[in-house]
Amino acid sequence: MSSDTNSPPDPEFLAAAAQRRSATTGSAVSGFELLRQHEQQQKFRRLIDPGILRPNSHEAAMASLKILSKISENLLREPENPKFRQFKSTNDTIRRRLIETKGALEYAIEMGFRPEVKEFQPLYVWNERKSEELRLGAQILQETIELAEKKSARSQTSAAETKAAAEAAKRNALLAFMDDRKTKMLRDQRDRHNREVRALHRPSVDGEGTISPSPPPSNAEMPGSGHVLSSPDPVVDELPPYRD
């Protein structure tokens, strides 16, 4: 029993335990690193909004974000290129987009750029130990710009649809007005036609517009005679003889 207790541990058991410890340690480091990255991403998002977007006009803010994105993307693509590792604060574009735009320079500093003076020139030089910050900052910039462009596209589409709907409503109103006029014209034509048809079926009139009288019947009384044409009294041809 004592010999078993004092015997060296099984090599396979030691290897398995070491593997478990390594996996546990690696998982803890990975989780900590993810948390740190998440916090850094949130910091970059706050530097954009409210840092850049709120105090500046939309056009100025978007121009600054695109300049920052271009600087970071160039440096990530060619990290050893000295042209991309620094920028002059006296450059006109840099001055307007990063120096004068509120919050933009703070974002560049968070990505690792620090002010320096070289040969009497004020510069912002990138610190290569900030590679992770540069990568995360560039990622947040790209996401923000893409979301803003999608929102702008939707807004333009909505504006175009609103304009098209207004034009369609105006066109429909004009067509309805024209239809009403056409309907009225057809109704007037119909009424005029009906009046003409009724006029053709009225009794004939003389030139003075009065109805011509019909001839009198054969047994009508003649004026002033007191006799009718069909009187039964005999006709007297001769006068009676004259008597003294």
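Residues numbered from 1 in each chain as written. Predicted model: local features only at pLDDT ≥ 70, side-chain atom pairs only at ≥ 80, totals over all residues. Heavy atoms only, no water.

If you check an unreviewed UniProt entry, the protein chain appears there as PUB domain-containing protein from Suillus fuscotomentosus.

## Digging into the nonpolar core
Counting 28 residues, the largest nonpolar core has L68, F87, L98, Y107 and F113 as its most contacted members. Counting only elements with at least two residues in this core, the list comes to α2 (11-48), α3 (58-77), α4 (92-99), α5 (104-110), β3 (121-126) and α6 (131-200). The greatest single-element share of this core, amounting to seven residues, is contributed by α3. Residues contacting F113, with those up to four places away along its chain left out, are I71, L75, F84, R85, Q86, F87, A108, Y124, V125 and W126. (Core = buried A, V, L, I, M, F, W, Y, C linked by side-chain atoms within 4.5 Å. Buried < 20%, exposed > 50% of the residue type's maximum accessible area, 1.4 Å probe, protein only. Helix = DSSP H or I, 4+ residues; strand = E, 2+ residues; numbered from the N terminus. Contact = heavy atoms within 4.5 Å.)

## Brief notes about the pairing of strand β2 (residues 113-118)
Where β2 meets β3, six bridges bridge the pair, whose relative direction is antiparallel. Residue pairing for β3: E116 is matched across the bridge by L123. With antiparallel pairing between neighbouring strands as the criterion, β2 and β3 make up a hairpin whose turn holds two residues, including E119 at a positive phi of roughly 55°. (Pairing = 2+ DSSP bridges.)

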